[in-house]
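Given next are the chains, with one letter for each unit.
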Amino acid sequence: PLRLGVSRLESSREFFGLLLGLGLRDTPEGLEIRLPSGATLATLEERPGALPDSPALPGLYHLALKVPHRPALARILLRLREAGWPLEGPVDHGVSEALYLEGPEELGLEIYRDHSREAWPLRGGHLAMGSRLVPEGDLLAQAEEGTGTPDLEEGHLHLRVSDLRRSVSFYTSLLPLRVTQEDYPGAAFLAFGDYHHHLGLNV
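What you are looking at is a predicted structure, and each value in this text was computed from that prediction instead of being measured.

Caption draft 1: Representation of the overall build of the chain in the model. Looking only at helices and strands, the chain features four helices and 15 strands. Its C-alpha atoms give the chain a radius of gyration of 17 Å, near enough to 17 Å, the size a compact globule of 203 residues would have. The C-alpha extent of the chain, read off along each of the three principal axes, is 50 × 40 × 30 Å. Counting only residues that meet the buried cut, the chain has 45% of its 203 residues in that class. A separation of at least 24 residues holds for 63% of the contacts in the chain among residues at least 6 apart in sequence. Carbon together with sulfur atoms contributes 53% to the accessible area of the chain, which is approximately 10400 Å² in total. Here the chain carries 19 positive and 29 negative side-chain charges, and the mean point of each set is 3 Å from the other.

Caption draft 2: Summary view of the side chain of His158. Tracing the chain through its elements places His158 in strand 12 (residues 153-160). Filtering out sequence-adjacent residues up to four positions away, His158 remains in contact with Leu60, Tyr61, His62, Phe189, Gly200, Leu201 and Asn202.

Caption draft 3: Inspection of the nonpolar core at higher detail. Counting 42 residues, the largest nonpolar core has Phe16, Leu20, Leu22, Leu41, Leu44, Ile111 and Leu201 as the members making the most contacts within it. When residues of this core are assigned to their parent elements, the largest contribution, six residues, is made by helix 2 (residues 70-82). Contacts of Leu201, omitting those with residues within four sequence positions, involve His158, Leu159, Val161, Leu164, Ser167, Val168, Tyr171, Gly186, Ala187, Ala188 and Leu190. Counting 11 residues, the second-largest nonpolar core is a separate cluster that includes Val95, Leu127, Ala187 and Phe189.

Caption draft 4: Just the sheet that holds strand 13 (residues 178-181), in detail. One open sheet accounts for nine strands, arranged 11-6-7-8-5-12-15-14-13; its pairing is mixed. In the strand order of this sheet, the two ends are held by strand 11 (132-133) and strand 13, each with one partner. Contacting strand 6 (87-92), strand 7 (96-102) and strand 8 (108-114), helix 2 runs over the sheet at an angle of about 20° to strand 7. Running at roughly 5° to strand 14 (residues 187-191), helix 4 (residues 164-174) makes contact with strand 12, strand 13, strand 14 and strand 15 (199-202) of the sheet.

Caption draft 5: Layout of unusual backbone geometry. Look at the link from Gly89 to Pro90: it is a cis peptide, with omega at 5°. Here Pro90 lies in strand 6. You will see that Glu105, though not glycine, has its phi angle at about 65°, which is positive. Counting through the fold element by element, Glu105 comes out in the loop between strand 7 and strand 8. One non-glycine residue with positive phi stands out, namely Glu106, at about 60°. On the secondary structure map, Glu106 appears in the loop between strand 7 and strand 8.

Conventions and cut-offs
Residues numbered from 1 in each chain as written. Predicted model: local features only at pLDDT ≥ 70, side-chain atom pairs only at ≥ 80, totals over all residues. Heavy atoms only, no water. Helix = DSSP H or I, 4+ residues; strand = E, 2+ residues; numbered from the N terminus. Rg over C-alpha atoms; globule rule 2.2 N^0.38 Å. Buried < 20%, exposed > 50% of the residue type's maximum accessible area, 1.4 Å probe, protein only. Contact = heavy atoms within 4.5 Å. Areas by Shrake-Rupley, 256 points an atom, 1.4 Å probe, with all protein chains shown as cover. Lys, Arg positive; Asp, Glu negative; His and termini not counted. Charge placed at Lys NZ, Arg CZ, Asp CG, Glu CD. Core = buried A, V, L, I, M, F, W, Y, C linked by side-chain atoms within 4.5 Å. Pairing = 2+ DSSP bridges. Axes fitted to C-alpha atoms, helices over the stretch in contact; angles between N-to-C directions.

Here it is in structure tokens:
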């Protein structure tokens with residue numbers, strides 16, 4: 001689980017609890033955010049006066065939450081639009097379809113669903129992820145009925161780094177990760193097993 005410092009816990013309660021519908025639990029360490037499975041996603045520690053993470057420095061670029069299918073992603077998009085929460089997307093990456101937004105304290109979030117593995121694009125035997133905007137209406141037309149929380153789970157982490165080669169070498173030597181794509185200048189994607197990526201790295 002992540003451990004993050006925030007200046008105000010209340011805004012995070014409203015966002016993660018009311019808007020995304022995730023479980024919340026107060027602990028001596030801070031506010032624990034729980035996934036529908038019961039697993040802890042992150043613990044938020046209140047640090048009055050804390051500043052948002054700087055996009056010019058190494059750190060967390062975004063945390064990605066995954067839903068099981070397109071109708072669940074459409075329901076989240078509908079929920080965010082009804083709440084007036086600003087977001088980018090949907091974007092089709094070939095391997096997945098994603099929404100991007102900032103939570104409280106400028107915390108970067110991606111919410112996505114995977115395409116079937118048979119549809120993942122390849123180039124020269126390697127994954128060929130890209131970015132293509134999807135008409136929002138096409139996704140919203142598939143919004144499933146109901147008001148319950150979609151089955152969110154942790155999908156991947158994306159980090160900002162200062163030295164891409166050094167970072168790739170560090171993570172692949174420390175953990176059984178392999179590089180799945182490094183076609184983008186200044187970026188690399190790494191995964192356990194045959195997934196598209198569990199860790200993204202951007203300069």
